[in-house]
Structure formats: structure tokens, C-alpha cells
Amino acid sequence: MPHGEALVFIASKHTTPIRRRVLWRVSVADAKKICSDSRTAGPHYMLCFTTRNIDDPAVFVYVPDDGRHAEVLRDHNIRVIRSHATRQPDAKSQPQ
């Protein structure tokens, strides 16, 4: 796991997806800001974060961001490291 990175994912009430639905990969500090903001929780969902197994595709799947938390990201100056829209790295290592 890269040091200091976390996945922010959607935890929904009454659903048990096989894989966690990830919105963004961000720094741990940014994940704490996002998940402690009251605007990232509602009656049926909340955003949570984890630093465990963040590169395991059997546990996590990136889902499209519908933009509902754009204001939170902007207000906290969040830098998204990776999202559904980010080009995913190839399985093979790239020449440098």
C-alpha cells in the first residue's frame, strides 16, 4: 500500500455489495476531511474510508462520481489521486 493513501467508499443502508463502491483514492488526511463533513452522509448512506487492501480489486470497485459531493471536495481543497475517470494502470509495468 502506498504510504498515506486511502479509499473513500459508499456505505449504504440495507445493501451488502460484494465489493465496496469506491469514489476516490485520496490522502488519509483528505479522507478524514471528507468523511467527517456532515454533507457526506444522509439517511441511507455515508462516505467512509479505509487504508487496508486498497489495491485489491476483489474487495474494491471504482464507481462513477455523480458530482453530489463536488462542493465538499472544493471546500476542503481535496486532491483526488484516482477515481473512476482516472486511467487505470496496466497490469504490466511500463518502461520508464
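Structural notes, computed from the coordinates. (Residues numbered from 1 in each chain as written. Predicted model: local features only at pLDDT ≥ 70, side-chain atom pairs only at ≥ 80, totals over all residues. Heavy atoms only, no water.)

### Here we look at the pattern of salt bridges
Link 1 in the chain: As enumerated under the stated definition, the model contains seven salt bridges in all.
Link 2 in the chain: Two residues, D30 and K33, come together in a salt bridge whose shortest N-O distance is 3.6 Å. With D30 and K33 both in helix α1 (residues 28–36) and three residues apart, this pair spans about one turn of that helix.
Link 3 in the chain: In this structure, R39 engages E71 in a salt bridge whose closest nitrogen and oxygen atoms are separated by 3.0 Å. Residue R39 is located in the loop between α1 and β3 (45–50), and its partner E71 is located in helix α2 (residues 70–75); the two are separated by 32 residues in the primary sequence.
Link 4 in the chain: Judged by its relative accessible area of 43%, E71 is partly exposed.
Link 5 in the chain: Connected via shared salt-bridge partners are D37, R39, E71 and D75. (Salt bridge = Lys/Arg side-chain N within 4 Å of Asp/Glu carboxyl O. Helix = DSSP H or I, 4+ residues; strand = E, 2+ residues; numbered from the N terminus. Buried < 20%, exposed > 50% of the residue type's maximum accessible area, 1.4 Å probe, protein only.)

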